Amino acid sequence: MPVITNIEDLRILHKKRTPKMFYDYADSGSWTESTYRSNESDFQKIKLRQKVAVNMENRTTKTKMIGQEVAMPVALAPTGLTGMQHADGEILAAKAAEKFGVPFCLSTMSICSIEDVAEHTTKPFWFQLYVMKDRGFIERLIDRAKAAKCSALVLTLDLQILGQRHKDLKNGLSAPPKLTIPNIINMMTKPRWCMGMLGTQRRTFRNIVGHATGVGNMSSLSSWTAEQFDPGLNWGDVEWIKNRWGGKLIIKGILDEGDARLAANSGADALIVSNHGGRQLDGAVSSIQALPGIVDAVGKDIEVWMDGGIRSGQDVLKAWALGAKGTLIGRPFLYGLGAMGEAGVTKCLEIIHKELDITMAFTGHRDIQNVTKDILYPGTF
């Protein structure tokens, strides 16, 4: 086992152990991938102000996200096909998050179902909702999340249509995946992954198959998903979903200050500044660039979080300093999951927490609640 010191180490191991089509699904963006790259590189441009001879004892990274106590301002983002990075991936990630003390959010497009995750965890998790044309299915999904005692609904608004992701097209990633000769040969070089998948019955989109009308198997799922994302989604639908849900609501996919004001006016409890990890509109602004303006516009009216490009605890601290009261990580925990299963997700969280804690100390703070943009070097943000 190699020595794991940072998220990049987990990514390299993930790439070695997971079939190419699923690794590429996790580690790619749309079109030229310029937004995907800028999500990371724009963080790197922001520099920190080092402080010395300050008391660094008794540090704490604890805070709250929509009233929920968290070990650090980080949640595991909803990611589709997580259970194809590692067998039972959503269950393992949820268990790791629960033990560490951070929220886990399950995607509509997960391999393990809402009920699967609820059965294997003891604390409430969040559920992410994509809005489909079949409103009856959406109502049933919301009711299933309620029955599973999910503590928040994360409504994603930036996937009314699917961005074109060239690697997925070239790899034949579909529902079900195309078992081309190159894909089969590549899977044969990943024995750990294959053994894991042979040992589980969870190999389809279990939130959908058997629940959506006319979708009884993977073959029917393909045509259903191609038709179901709703390009007509609007803020009236948000109100309907909020009323149907009745609990904590988080709006995901905000990059525009006007949209942020609409999200705040919708009665949601938090919004997530996000460009879907650079997987939708290529050429969109990075999340960290969009964050300060949105915080200035609505930060007093609604909790503002962000995702996209976070690869370290330093990135978490930079986002916090610019006004984000929470962050979400997707690829980092997927790297850990694909590399080492539940232990890899735990390792990812440990790495980010340690980097966050140490960087906070070097910038002269013992409590993350007291960190402001003063820790950032002028002219770099």
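Our subject in this report is the structure included herewith. None of these values were measured; they are calculated from a predicted model. (Residues numbered from 1 in each chain as written. Predicted model: local features only at pLDDT ≥ 70, side-chain atom pairs only at ≥ 80, totals over all residues. Heavy atoms only, no water.)

**Here's the deal with the state of the cysteines**
What the rule picks out here adds up to zero disulfides. The thiol of Cys105 is unpaired, and the distance to the nearest cysteine sulfur, on Cys150, comes to 8.5 Å. This cysteine, Cys112, is not joined by any disulfide, and Cys150 carries the nearest cysteine sulfur, 14 Å off. Taking the relative accessible area as the measure of exposure, Cys112 reaches 0% and is therefore buried. (Disulfide = S-S within 2.5 Å. Buried < 20%, exposed > 50% of the residue type's maximum accessible area, 1.4 Å probe, protein only.)

**Notes on the packing of helix 15 (residues 331-340) against helix 16 (residues 342-362)**
It is the contact of helix 15 with helix 16, at a shortest axis distance of 6 Å, that shows an interaxial angle of 140°. Classified by the angle their axes make, helix 15 and helix 16 are oblique. The element helix 15 and its partner helix 16 pack so that their crossing is right-handed. Residue-level inspection shows Pro332, Phe333, Gly336, Leu337 and Met340 of helix 15 in contact with helix 16, the latter providing Glu342, Ala343, Gly344, Val345, Lys347, Cys348 and Ile352. For the contact of helix 15 with helix 16, the class distribution of residues is eight nonpolar, two polar and two charged. (Axes fitted to C-alpha atoms, helices over the stretch in contact; angles between N-to-C directions. Helix = DSSP H or I, 4+ residues; strand = E, 2+ residues; numbered from the N terminus. Parallel < 35°, antiparallel > 145°, perpendicular 65-115°, else oblique. Left-handed = near helix turned anticlockwise from the far one by under 90°. Contact = heavy atoms within 4.5 Å. Nonpolar A, V, L, I, M, F, W, Y, C, P; charged D, E, K, R; others polar.)

**Regarding the nonpolar core**
Ranked by internal contacts, the top residues of the largest apolar core, which has 107 residues, are Ile251, Leu271 and Leu291. Here this core gets seven residues from one element, more than from any other, and that element is helix 16. Not counting residues up to four positions away in its chain, the partners in contact with Leu271 are Ile251, Ile254, Ala260, Ala263, Ile294, Val298, Ile302, Glu303, Val304 and Trp305. If you look at the next biggest cluster of nonpolar residues, it comprises 14 residues, including Ile66, Ala77, Cys105 and Ile250. (Core = buried A, V, L, I, M, F, W, Y, C linked by side-chain atoms within 4.5 Å.)

**Re the sheet that holds strand 5 (residues 126-129)**
What the eight strands build is an open sheet, ordered 3-10-9-8-7-6-5-4; its pairing is parallel. The sheet is open, and its two borders are formed by strand 3 (74-76) and strand 4 (105-106), each paired with just one other strand. Strand direction decides the pairing type here: strand 8 (residues 270-273) and strand 9 (residues 303-307), joined by four bridges, are parallel. Residue pairing across strands places Ala270 opposite Glu303, the latter belonging to strand 9. Contacts from helix 12 (residues 257-265) reach strand 7 (248-254) and strand 8, with the element oriented near 170° to strand 7. (Pairing = 2+ DSSP bridges.)

Function cannot be read off these values alone, since they describe shape.
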